[in-house]
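One-letter residues, chain by chain:
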Amino acid sequence: MNNHATMTRARRMDARLISALAACGLALSLGGEAVAQAQVRTPDQGCLPGQPALTVEVSGFVNDTGTVRAQLYGPGGARFLDKGQWVMRIEQVRRAPGPMHFCFPINQPGDYAVAVRHDANGNGKSDWNDGGGFTRNPHLSLMRLKPSFTQSAVPVNGRSVNVAVVMQYRRGLSIGPITR
């Protein structure tokens, strides 16, 4: 082989090596991002022992996949369910059966509500098969998908409060908990 052919072949091998390394780096960075996003808190503020908090246990999921998002509203209901007007949002990937827990630190006494959405297929869009729920488990219907703040609010006054939310899904022309 002449010198020119050897150099060309070496350049091709270098280019393939660089492409492979770049792909590995991308895969590693995406893998790390996926792990970091197992639970995303906005703002990133966790509950502390002994501090007031609203802890929500969510049950009644239709499946063990997708993404679950819980949004805290309050104190007071002036902007309840208005787009982007939540106080805190927690998103978590659903990977196992059973209930999920979301803990919201409460810095100011008052009435708060939590809205929960289960993106059952994890596509990031609202679909007919997705579920929803609210603190105090108000009745939902196709004509009334959004309860009032009063129907969902729970008082949090200087101590931690635990509440249960049962997910509701569309079943034909009605909405309600899944019965198994």
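So, how was this worked out
Residues numbered from 1 in each chain as written. Predicted model: local features only at pLDDT ≥ 70, side-chain atom pairs only at ≥ 80, totals over all residues. Heavy atoms only, no water. Helix = DSSP H or I, 4+ residues; strand = E, 2+ residues; numbered from the N terminus. Buried < 20%, exposed > 50% of the residue type's maximum accessible area, 1.4 Å probe, protein only. Contact = heavy atoms within 4.5 Å. Areas by Shrake-Rupley, 256 points an atom, 1.4 Å probe, with all protein chains shown as cover. Core = buried A, V, L, I, M, F, W, Y, C linked by side-chain atoms within 4.5 Å. Pairing = 2+ DSSP bridges. Salt bridge = Lys/Arg side-chain N within 4 Å of Asp/Glu carboxyl O.

(A) A look at the overall build of the protein. Across its full length, the protein carries 2 helices and 11 strands. Counting the 180 residues in the protein, one finds 32% classified as buried. Long-range pairs, those at least 24 residues apart, make up 70% of the contacts in the protein with a sequence separation of at least 6. Carbon and sulfur atoms make up 56% of the accessible area of the protein, which totals about 11,000 Å².

(B) Layout of the nonpolar core. Residues Leu54 and Phe104 are the most contacted members of the largest nonpolar core, which totals 23 residues. Secondary structure elements with two or more residues in this core: β2 (53-59), β3 (67-73), β4 (88-93), β5 (100-105), β6 (110-119), β8 (154-156) and β9 (161-166). Residues within four places of phenylalanine 104 in sequence aside, it is in contact with Cys47, Ala53, Leu54, Val56, Ala70, Gln71, Leu72, Met88, Ile90 and Val114. One finds Ala113, Ala115, Leu140 and Ile175 within the second-largest nonpolar core, a separate group that totals 9 residues.

(C) Broad picture of the pairing of β6. Buried residues dominate β6, accounting for 9 of its 10 residues. Relative to β6, β3 is paired through 7 bridges, and the arrangement is antiparallel. Considered in β6, the bridge of alanine 70 is made with valine 116. Pairing of β6 with β8, which is carried by 3 bridges, proceeds in the antiparallel orientation.

(D) Just the pattern of salt bridges, in detail. In the structure shown here, the tally under the stated rule is 3 salt bridges. When the shortest N-O distance is used, the salt bridge between arginine 89 and glutamate 91 registers 3.8 Å. Note that aspartate 130 and arginine 117 form a salt bridge whose closest N and O atoms lie 3.1 Å from each other. Of this pair, aspartate 130 sits in the loop between β6 and β7 (131-134) while arginine 117 sits in strand β6; the two residues are 13 residues apart in sequence, bridging distant segments of the chain. Like arginine 117, aspartate 130 is buried.

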